[in-house]
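Chain residues, written in single-letter form:
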Amino acid sequence: MEVSTLELNARDIQLELEWFRQVLDTRIKLYFNNESTHSSIFDITPPDFSNSESNYGKLVSHYPMSFSERVILIMALIPHVRPNMFDILYTKNENFNRGFTEFGGINGKYHGGMLPTGETVNFILSGENLSSRFQLRYLFEDDHYFHLHNILHLEPLEKGQGEPKLSNVLNISEEYLSLLTTGKPYKPDYSTNFPAKLITTKLEWKDLILNDNVREEIDEILTWIKHGNTLMEEWGLNAKIKRGFRAMFYGPPGTGKTLTACLIGKTLGLDVYRIDLSMVVSKYIGETEKNLANVFDQAENKNWILFFDEADALFGKRTSTNSSNDRHANQEVAFLLQKIEDFNGVVILASNLKGNLDEAFSRRFQSMIYFPLPALEQRLSLWKNAFNGNLNLHSSVDLYRIAESHELAGGAIINVLRHCALRAVQRQNHEIHLRDIESGIRKEQRKEGKA
Ligand SMILES: Nc1ncnc2c1ncn2[C@@H]1O[C@H](COP(=O)(O)OP(=O)(O)OP(=O)(O)O)[C@@H](O)[C@H]1O
Ligand SMILES: [Mg+2]
């Protein structure tokens, strides 16, 4: 029987915990000059995961992780998988009738056991050795893969200032916690800390109706996603062009901008995350930058496509600086543009604005794609696709004539379909009459102020 990822993870983490227990025991014995089988913690060989099939083992072998890095990883996991393992560090320092400062660790609000801090890591890995303590700092720097790949961080439990960095708590990311335990890839939910939402579509590439110009431009994005790495690395273009790909989709509502972004992701097996900029920019909460940075960090490691919707919110805010709100919004916009420019993956912005994009914007984008209202030929396909399901068109309906006489976008046509289907179900049949379609169209025209 095939062993599940979860079982494999459990098996390897169990082995790692047993190893870590010996490391911890030995450190304590050595620190208090008690008798110990090992003269250094580094003599205790960690389990060999070179042929492991677990996510845990594969992660360890991938980098490959050093002794110290493995100690840190398992320590970050312990509060989640074996919370009592650090209890021994609650030992009292009899001289002062309190815990040992050098053990670090803090109590959570609700968590029963000790939450390890950077100081705890230092105690275990360095004891009182200062040069080793200094070297340890590197493992928590921003350019270490722990941080770059969003595996774990040292984070303050609460916002405090002036505390030494090593008093921050060792925190594994939700993403890796999930991967290393249940084995389920983690898909973050929308929240204030994570202002992005996974978007998907049930439609397929063949359902997308675009004119040839737009299609050609979209093909360029697909080609970049497929071959960008080869171009940058093997063809050596990385010295000459910026990483990543930035596209702007603009045009009237309902012309397929969001759908196209979804389908690019679906076709290439990449997740598409939508960030609603009107939400992000209008709420001048100081946290916005941190939250956006969070999205970019996660996206970069996972090949997500970032889809910034309602990008108009960006353009308006850049000129007037009357109030402090405006200034703040301006700062946020500048920050966001910088992030977009530095991002290594694909970013798509969508907006309804036509023209008037200042040059500062346009030169940042590799492609500016205008999604026009569909021409007759495309409208006909949209109407045909919309009504090809379990609905019967009454013989009075001539879709060509309808497509010809009304300039509607795909989104509006889908709304007409919904309207007609509701009518049909009220009549308890599947038949669509010309008057259903016509009243649906009038409704759409009223919405657009054209009636
Ligand atoms: N070009 C198209 N091809 C096929 N279907 C389309 C097209 N345009 C729109 N549709 C249909 O209309 C729906 C809405 O379109 P979509 O959300 O992609 O429009 P949009 O351009 O993002 O609009 P908005 O500017 O309002 O965000 C789609 O889910 C799809 O069913
Ligand atoms: Mg849209």
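Procedures and definitions
- Residues numbered from 1 in each chain as written.
- Chains lettered and ligands numbered in written order.
- Predicted model: local features only at pLDDT ≥ 70, side-chain atom pairs only at ≥ 80, totals over all residues.
- Heavy atoms only, no water.
- Helix = DSSP H or I, 4+ residues; strand = E, 2+ residues; numbered from the N terminus.
- Expected span 1.5 Å × (residues − 1).
- Buried < 20%, exposed > 50% of the residue type's maximum accessible area, 1.4 Å probe, protein only.
- Contact = heavy atoms within 4.5 Å.
- Near = heavy atom within 4 Å.
- Polar contact = N/O pair within 3.5 Å; in protein donor to acceptor, adjacent residues only side chain to side chain.
- Areas by Shrake-Rupley, 256 points an atom, 1.4 Å probe, with all protein chains shown as cover.
- Patch = residues over 30% accessible without salt bridge, like charges linked within 9 Å, V, L, I, M, F, W, Y side chains within 5 Å.
- Salt bridge = Lys/Arg side-chain N within 4 Å of Asp/Glu carboxyl O.
- Lys, Arg positive; Asp, Glu negative; His and termini not counted.
- Charge placed at Lys NZ, Arg CZ, Asp CG, Glu CD.
- Pairing = 2+ DSSP bridges.
- Domains from an automatic or database assignment.
- Buried area = accessible area lost by both parts, 1.4 Å probe.
- Axes fitted to C-alpha atoms, helices over the stretch in contact; angles between N-to-C directions.
- Parallel < 35°, antiparallel > 145°, perpendicular 65-115°, else oblique.
- Nonpolar A, V, L, I, M, F, W, Y, C, P; charged D, E, K, R; others polar.
- Core = buried A, V, L, I, M, F, W, Y, C linked by side-chain atoms within 4.5 Å.

A.B. asks: I tried to follow helix α18 (residues 434-447) on my own but got confused; where do I start?
C.D. replies: Think of an α-helix as turning once every 3.6 residues; residues three or four places apart then point the same way. Between the first and last C-alpha of α18 there are 20 Å, a value that for 14 residues agrees with the 20 Å anticipated at 1.5 Å per step. Turning to α18, its buried residues are Asp 436, Ile 437, Ser 439, Gly 440, Ile 441, Glu 444 and Gln 445. Against the buried residues of α18 lie α15 (376-386), β13 (392-393), α16 (399-405), α17 (410-426) and β14 (431-432). Of the residues one or two after α18, Gly 449 is the one with positive phi, at around 70°.

A.B. asks: Explain α17 here, please?
C.D. replies: Spanning 17 residues, α17 covers 25 Å between terminal C-alpha atoms, matching the ideal 24 Å at 1.5 Å per step. Here α17 has its buried residues at Gly 410, Ala 412, Ile 413, Val 416, Leu 417, His 419, Cys 420 and Ala 424. Buried-residue contacts for α17 involve α15, β14 and α18. Phi turns positive, to about 60°, at Gln 428, one or two residues after α17.

A.B. asks: Help me understand the site of ligand 1 in this model?
C.D. replies: Around ligand 1, the surrounding shell holds 17 residues, and the nearest of these are Ile 209, Gly 254, Lys 257, Thr 258 and Asn 352. With respect to ligand 1, the backbone of Leu 259 contributes an N or O atom lying 2.9 Å from an oxygen atom. Between ligand 1 and Gly 411, the relevant distance is 3.3 Å, taken from an oxygen atom to a main-chain nitrogen or oxygen of the residue. Protein coverage of the free-state accessible area of ligand 1, which is 630 Å², stands at 77%.

A.B. asks: In this structure, what is going on with a negative patch on the surface? I would like to understand it.
C.D. replies: Negative charge collects at one region of the surface, where Asp 212, Glu 216, Asp 219, Glu 220 and Glu 377 lie side by side. Broken down by element, the residue count for the negative patch peaks at four residues, all from helix α8 (residues 212-234). Note on placement: Asp 219 falls in helix α8.

A.B. asks: Looking at this model, I keep getting lost on the pattern of salt bridges. Mind explaining?
C.D. replies: Counted according to the given criterion, the structure contains nine salt bridges. Between Arg 133 and Glu 119 there is a salt bridge, with its nearest N and O atoms 2.8 Å apart. Linking Arg 133 in helix α5 (residues 130-136) with Glu 119 in helix α4 (residues 118-126), this pair joins segments that are 14 residues apart in sequence. A salt bridge links Arg 427 to Asp 436; the nearest nitrogen and oxygen atoms lie 2.8 Å apart. You can call Asp 436 buried: its relative accessible area is 0%. One connected set of salt bridges, linked through shared partners, spans Arg 423, Arg 427 and Asp 436.

A.B. asks: Sorry if this is basic, but what is going on with the pairing of strand β12 (residues 367-370) here?
C.D. replies: Here β12 shows a buried face lined by Ser 367 and Ile 369 and an unburied face lined by Met 368 and Tyr 370. Examined bridge by bridge, strand β8 (residues 245-250) and β12 share four bridges and lie parallel to one another. When the bridges of β12 are listed, Phe 249 appears paired with Ile 369.

A.B. asks: I keep staring at the domain arrangement of the protein and nothing clicks. Help me out?
C.D. replies: It is common to give the size of an interface as the accessible area lost on bringing the parts into contact. Its domain assignment divides the protein into domain 1 (5-180), domain 2 (197-370) and domain 3 (376-447). Contacts between the two partners involve seven residues from domain 2 and, on the opposite side, seven residues from domain 3. Between domain 2 and domain 3, a total of about 440 Å² is buried, with carbon and sulfur atoms accounting for 63% of that surface. Looking only at domain 2, the three residues that lose the most surface to domain 3 are Ile 209, Asn 211 and Gly 254, adding up to 78% of its buried area. The interface formed by domain 2 and domain 3 holds two residue pairs in polar contact (both at pLDDT 80 or more) in total.

A.B. asks: Please clarify how the side chain of Arg 379 should be interpreted in this entry.
C.D. replies: Tracing the backbone through its elements, the reader meets Arg 379 in helix α15. Glu 407 provides the closest opposite charge to the buried, unpaired Arg 379, separated from it by 4.3 Å. If near-sequence neighbours (up to four positions away) are discounted, Arg 379 is found in contact with Pro 374, Ala 403, Glu 404, His 406, Glu 407, Leu 408 and Ile 413.

A.B. asks: Please explain the packing of helix α1 (residues 5-31) against helix α2 (residues 55-62) as it appears in this structure.
C.D. replies: What describes two packed helices is the angle between their axes and the distance between those same axes. Remark: α1 packs on α2, axes separated minimally by 7 Å, with the N-to-C direction vectors making an angle of 60°. Classified by the angle between their axes, α1 and α2 sit oblique to one another. On the side of α1, the interface is formed by Thr 5, Asn 9, Asp 12, Ile 13 and Glu 16, while α2 contributes Asn 55, Tyr 56 and Gly 57. Residues belonging to the contact of α1 with α2 are distributed by class as follows: two nonpolar, four polar and two charged.

A.B. asks: Please clarify how the sheet that holds β8 should be interpreted in this entry.
C.D. replies: Pairing between sheet strands relies on hydrogen bonds along the backbone, with the strands arranged either parallel or antiparallel. Judged by pairing direction, the sheet is mixed, and its six strands sit side by side in the order β7-β9-β10-β11-β8-β12 without closing on themselves. On the outer flanks of this sheet lie β7 (197-199) and β12, each paired with one strand and no other. On average, adjacent strands in this sheet sit at an angle of 25° to one another, irrespective of strand direction. Looking at chain direction, strand β9 (residues 272-276) and strand β10 (residues 305-309) are connected through five bridges and run parallel. Across the sheet, the residue bridging to Val 272 is Ile 305, located in β10. Where helix α9 (residues 257-268) meets the sheet, it contacts β7, β8, β9, β10 and β11 (346-351), and its direction lies at approximately 170° from that of β10. On the sheet, helix α11 (residues 288-302) packs against β9 and β10 and is oriented at approximately 150° with respect to β10.

A.B. asks: Explain the nonpolar core to me, please; I cannot follow it from the model alone.
C.D. replies: Nonpolar side chains tend toward joint burial in soluble globular proteins. If you look at the biggest cluster of nonpolar residues, it comprises 48 residues, and the most contacted ones within it are Phe 20, Tyr 56, Ile 72, Leu 73, Leu 152 and Leu 170. For this core, the secondary-structure elements that each account for two or more residues are α1, α2, α3 (67-81), α4, α6 (145-148), β5 (152-155), β6 (169-172) and α7 (174-180). Residue contributions to this core peak at nine residues, all from α3. In this structure Leu 73 touches Tyr 56, Leu 59, Val 60, Met 65, Ile 151, Leu 152, Ile 172 and Leu 180, once residues within four positions along its chain are discounted.

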